[in-house]
Amino acid sequence: PLPSRDVQYSRANRKNLNNAMNSLSNEGDANAIEPSEDGILVCKILRRFPFGAKCNAVTEGMEFSNNLGFITLPSRQGATFAAIRRGVENDLDEDMLPSNEKGIPKRWKFYVPKLGPMSVKQEGKIGSALDFLKSTTDDAQLGSGTASNPLKVVIMDV
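Predicted, not measured: the structure shown is a model, and the values here were computed from it.

A short note on the side chain of S65
Then step 1. Tracing the sequence through the fold places S65 in strand β2 (residues 65-73).
Then step 2. Among the residues examined, S65 registers a relative accessible area of 7% and is labelled buried.
Then step 3. Excluding residues within four positions of it along the chain, S65 makes contact with L46, R47, R48 and F49.

Okay, structure coming up:
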């Protein structure tokens, strides 16, 4: 005699549950999704206020910066600071970037937490921006470079 429908249904559910549990523990045939897998890099571009700028209490809670917008790049692992600069210059509107009183765009540099300004010469030499920034800080708010948790990249006026 064949097993009843309820028994077959129960076995199928148990098998699905076992497969799901194995994938979470990385046992069995299923592999967990690695957070380091490559994909689109999403960066939130923040402008650091000049040293000594007067900030109100609300601004101080935002680490002395304001949000200029975001950019996306095709590779989280391969995106360098030079690629992020090209993305900022190509994808953000001119009125989003710092400019002087005549409307001429100001020069800017990347600001690396705990290290300071990065030279333009260093931008292409350092390698992966995501890996480098993660190595300079243990701040959980840095982000992972995904759309739901963008990498926070800080720029500063020169």
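Quick word on the packing of aromatic side chains
Then step 1. Within the structure shown, the criterion is met by 3 aromatic pairs.
Then step 2. Between W108 and F110, the aromatic rings sit 5.2 Å apart at their centres with planes inclined by 85°, giving edge-to-face as the arrangement. Each member of the pair, W108 together with F110, is buried.
Then step 3. An aromatic cluster is defined as three or more aromatic residues linked by ring pairs; in this entry it consists of F81, W108, F110 and F132.
Then step 4. The ring of Y111 carries R48 above its face, with NZ or CZ at 4.1 Å from the centroid.
Then step 5. When the ring centre of W108 is taken as origin, the NZ or CZ atom of R85, which lies over that ring, is 3.9 Å away.

Brief notes about the environment of T136
Then step 1. Structurally, the position occupied by T136 is in helix α5 (residues 129-136).
Then step 2. In sequence terms T136 and P113 are 23 residues apart; their C-alpha atoms lie 6.7 Å from each other.
Then step 3. Beyond its immediate chain neighbours, meaning those up to four positions away, T136 contacts V112, P113, K114 and L115.

Quick look at the environment of R107
Then step 1. The residue R107 is located in the loop between α3 (81-91) and β3 (108-112) in this model.
Then step 2. Between the C-alpha atoms of R107 and M156, which are 49 residues apart in sequence, the distance is 8.6 Å.
Then step 3. Setting aside anything within four residues of it in sequence, one finds R107 in contact with M156, D157 and V158.

Thoughts on the pattern of salt bridges
Then step 1. Scanning the model with the defined rule gives 4 salt bridges in all.
Then step 2. With its nearest N and O atoms 3.7 Å apart, the salt bridge here joins E89 to R85. Here E89 pairs with R85, and both are found in helix α3, just 4 residues apart, close to one helical turn.
Then step 3. The exposure class of E89 is partly exposed, given its relative accessible area of 42%.
Then step 4. Taking the shortest distance from any N to any O, the salt bridge between K106 and D157 comes out at 3.6 Å. Residue K106 is located in the loop between α3 and β3, and its partner D157 is located in strand β5 (residues 151-157); the two are separated by 51 residues in the primary sequence.
Then step 5. A residue is classified by how much of its surface remains accessible, and D157, at 17% relative accessible area, is buried.
Then step 6. Shared partners join several salt bridges into a network, and the residues in it are R47, K106 and D157.

Parameters and conventions
Residues numbered from 1 in each chain as written. Predicted model: local features only at pLDDT ≥ 70, side-chain atom pairs only at ≥ 80, totals over all residues. Heavy atoms only, no water. Helix = DSSP H or I, 4+ residues; strand = E, 2+ residues; numbered from the N terminus. Buried < 20%, exposed > 50% of the residue type's maximum accessible area, 1.4 Å probe, protein only. Contact = heavy atoms within 4.5 Å. Phe/Tyr/Trp six-rings, centres within 6.5 Å; stacked < 30°, edge-to-face > 60°. Lys NZ or Arg CZ within 6 Å of the ring centre and 35° of its normal. Salt bridge = Lys/Arg side-chain N within 4 Å of Asp/Glu carboxyl O.

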